[in-house]
Structures are given as C-alpha cells and as structure tokens.
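Breakdown of the fold
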Amino acid sequence: MSVQSEKINFSSAEFLKSLQSRENSSVEKLVKKYTKQLVNAAYGLGFNESDGAELVQSVWFTFFEKLPTFEGRSHVRTYIYGILYNKAKELKRDRHKYTSEDPFDELMADKFDNFGHWLKMPLSPEKFLASAQSLEIIEKCLEVLPLQQKMAFQCKEIEGNTSVEICKILGITSTNLGVILYRAKIKLRDCIERKSQ
Amino acid sequence: MRSCKEIAKLLVPGHKLTLLQKMGIKLHLLLCLACARFSKQLKILGEVRKQQLGQKTLASTTHTELLEKKIIAEMTNKKSSS
C-alpha cells in the first residue's frame, strides 16, 4: 500500500494484461501514479476543482473502456494524456481551427520599428514576475488561449514532456508544435505585460 | 549584428538553432537590455505557472485522494462489463 518505489513498466504487455483483467493492485498503481498529474493538468487547462475531478474521472473511464484496443505503441502516459486532451476539447467545446501562417508576423512584427528595434522596452523581470505571480492575472490571460495552445504549454513548460510525446497527444507535427507554443507564450506574455500597468 | 527583431524570432521555441545562431543570440542578449528582458520573460512564464499549479494541486490533495479511491473502486468493480 505505502510508498514502495517498486519500478513498474506501465507499458509492458504483462502490466497491460493485468489492467485489462482489472487486477486490483495494477489498477491501483496506475490510477495512483497518474491521477494527481491529471488533476494538475486539468487545472492548467483552466478547469476548477469540481469540473477537473469530473474530467479526470471521465479520462479514466475512457481509458479502461478503450484499453483492449491499446497496443502499447506509445507510452501509457502519452495515451492517457491524449484522452485527456480529447475529453477537455469536448467539454470546452473548443472549435479552434489551427492556422499555419507565421505567428511571428501576426503577433510580433508590429513591436519593432523599421530598423528592427523594439518600439517599447519590455517590462523588467521583477515587474513581469510580480504580474505573472498574480493568479488572477495569469488565469485571465490563459482563459483566452485556445485549448490546443494551453495543452501544448502545459505539456511542454509545466510537465517537461518531450516534443515527440506532445505531438502524439495533440495529433500534430513538430513544426506545428513550435508554432503553437510560440503563439501561447507570446500571447501570455503580452497579456501579462498589459495587465501589469 | 542581428537586429532585435531577428533575435526575437530566433528565441521562438521549436527553432532548430545552429551553433553560430546560438552564439549570436548569447552575444546579443549580453549587449541588449530589451532582448534580455524579453528572453527572461519567456522563461519566467513556465516557471511561475509550474509553481502555481503545484501549489493548487497540493492544496487539493485530500480531494484527489478521494477521487483516486472512487476511481479504483469503480474500475475494479466493472470486471465483467467489457
């Protein structure tokens, strides 16, 4: 029961089999391993405590329901996060269409003069940090991001996943991931700067 | 030397940078306050958010443990359903 740091390969065929037959100890190990992370991710995507709990529960339901078709080609964790992303999309009714135009021109070009110099000095790290640390400000700023950008930001910056994993979770190419992350970070940064004044 | 606009473009995640570009960025950031601030801001974003979410998750530990129990119970009870 307690915190024995027994190493389990969650993606091994045996473990998956034991999950399929709903062996108590395996189910418990997996659920205990990832539920907290999923709750964290739900918060990161802007869900509150009760909606987040509901989301996480439906992720697990779907996971066990789909388990017989999971072939173990990606890591279990990646698979679970893919379900999380899709469930969150359903709940948020996110219909954001991804556009592939260069986000730099869209978001950054007007910040520079003809010589490529900044038109406005960016905020000092101290001031920026103070603004970003305000939960109210950052959550307001995150709210307006499309789910896809929030998810990419969460997976990359908060959980430090590899790009390969994130691309699988979001169902995108690595070029797109760069663009999506860039959009997310620049929009957040701009919003936090604006709100700090 | 590259302009600030070019540097800002290279600071984008996902860019595969050559060694020369990396050195160019480093040098530029040493000499240019505006770009140094911009670069630092992008770093701060992830760090701050990570901290905030960590605290939020920690605060709901009891809630999460109950949730875990509930899920485990439900999933192990449905053995015969699939």
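First, a word on scope: everything that follows refers to the structure included in this document.

Conventions used here
Residues numbered from 1 in each chain as written. Chains lettered and ligands numbered in written order. Predicted model: local features only at pLDDT ≥ 70, side-chain atom pairs only at ≥ 80, totals over all residues. Heavy atoms only, no water. Helix = DSSP H or I, 4+ residues; strand = E, 2+ residues; numbered from the N terminus. Expected span 1.5 Å × (residues − 1). Buried < 20%, exposed > 50% of the residue type's maximum accessible area, 1.4 Å probe, protein only. Contact = heavy atoms within 4.5 Å. Polar contact = N/O pair within 3.5 Å; in protein donor to acceptor, adjacent residues only side chain to side chain. Buried area = accessible area lost by both parts, 1.4 Å probe. Salt bridge = Lys/Arg side-chain N within 4 Å of Asp/Glu carboxyl O. Axes fitted to C-alpha atoms, helices over the stretch in contact; angles between N-to-C directions. Parallel < 35°, antiparallel > 145°, perpendicular 65-115°, else oblique. Left-handed = near helix turned anticlockwise from the far one by under 90°. Nonpolar A, V, L, I, M, F, W, Y, C, P; charged D, E, K, R; others polar. Phe/Tyr/Trp six-rings, centres within 6.5 Å; stacked < 30°, edge-to-face > 60°. Lys NZ or Arg CZ within 6 Å of the ring centre and 35° of its normal.

For helix H3 (residues 49-66) of chain A, which comprises 18 residues, the first-to-last C-alpha distance of 26 Å matches the rise-based estimate of 26 Å (1.5 Å per residue) to within 8%. Those residues of H3(A) that fall on the buried side of the exposure criterion are Gly52(A), Ala53(A), Leu55(A), Val56(A), Gln57(A), Val59(A), Trp60(A), Thr62(A), Phe63(A) and Phe64(A). Summarising the contacts, the buried residues of H3(A) are in contact with helix H1 (13-20), helix H2 (24-44) and helix H4 (76-92) of chain A together with helix H4 (61-77) of chain B. If you check the start of H3(A), you find a side-chain oxygen 3.3 Å away from the backbone N of Ser50(A), and it comes from Asn48(A).

A word on the interface of chain A and chain B. With 56 residues of chain A in contact, the opposing surface of chain B contributes 42 residues. Carbon and sulfur atoms supply 71% of the area buried between chain A and chain B, which totals about 4,700 Å² over both sides. Three residues stand out in chain A for area buried against chain B, namely Arg22(A), Tyr43(A) and Trp118(A), and they jointly supply 13% of the buried area on that side. Scanning the region where chain A abuts chain B turns up two salt bridges. With a closest N to O distance of 3.6 Å, Glu139(A) and Arg49(B) form a salt bridge. Taken together, the connections running from chain A to chain B amount to 13 residue pairs in polar contact (both at pLDDT 80 or more). Elements with a minimum of two residues in the side of chain A that touches chain B: H2, H3, helix H6 (125-133), helix H7 (135-143), helix H8 (147-158) and helix H10 (174-195) of chain A.

Turning our attention to the pattern of salt bridges. Residues and elements named next belong to chain A. Considering all chains together, one arrives at 13 salt bridges over all chains under this definition. In this structure, Arg77 engages Glu159 in a salt bridge whose closest nitrogen and oxygen atoms are separated by 3.3 Å. Placement of Arg77 in helix H4 and of Glu159 in the loop between H8 and helix H9 (163-170) is noted, with a sequence separation of 82 residues between them. A salt bridge links Arg77 to Glu165, with the nearest nitrogen and oxygen atoms 3.8 Å apart. Placement of the pair is Arg77 in helix H4 and Glu165 in helix H9, with a sequence separation of 88 residues. Within this structure, Lys111, Lys120, Arg189, Asp190 and Glu193 form a network of salt bridges that share partners.

Packed helices, taken two at a time, are described by the angle their axes make and the gap between the axes. Residue and element names in this part refer to chain A. Two numbers describe how H2 lies on H3: the axes approach to 9 Å, and their chain directions differ by 140°. One way to sum up the angle between H2 and H3 is to call them oblique. The crossing of H2 and H3 is right-handed. Each of Val27, Leu30, Val31, Tyr34, Thr35, Leu38, Val39, Ala42 and Tyr43 in H2 lies in contact with H3, whose residues at this interface are Glu49, Gly52, Leu55, Val56, Val59, Trp60, Phe63 and Phe64. A per-class count over the contact of H2 with H3 returns 14 nonpolar, two polar and one charged.

Residues and elements named next belong to chain A. Throughout the structure, instances matching the rule amount to eleven aromatic pairs over all chains. With a centroid separation of 5.1 Å and an interplanar angle of 85°, the aromatic rings of Phe63 and Phe64 are classed as edge-to-face. Phe64 shares its class with Phe63; the two are buried. The interplanar angle of 20° and the centroid separation of 6.5 Å between the aromatic rings of Phe104 and Phe112 together place this pair among those described as stacked. Here the two residues Phe104 and Phe112 agree in accessibility, since each one is buried. Among the aromatic side chains, those forming a connected cluster through ring pairs are Trp60, Phe63, Phe64, Phe70 and Tyr79. A cation over a ring is seen here: Arg77 above Tyr81, with NZ or CZ 4.8 Å from the ring centre. Above the ring of Phe47, the side-chain terminus of Lys92 is found at 4.6 Å from the ring centroid.

Coordinates in, geometry out; function isn't part of it.
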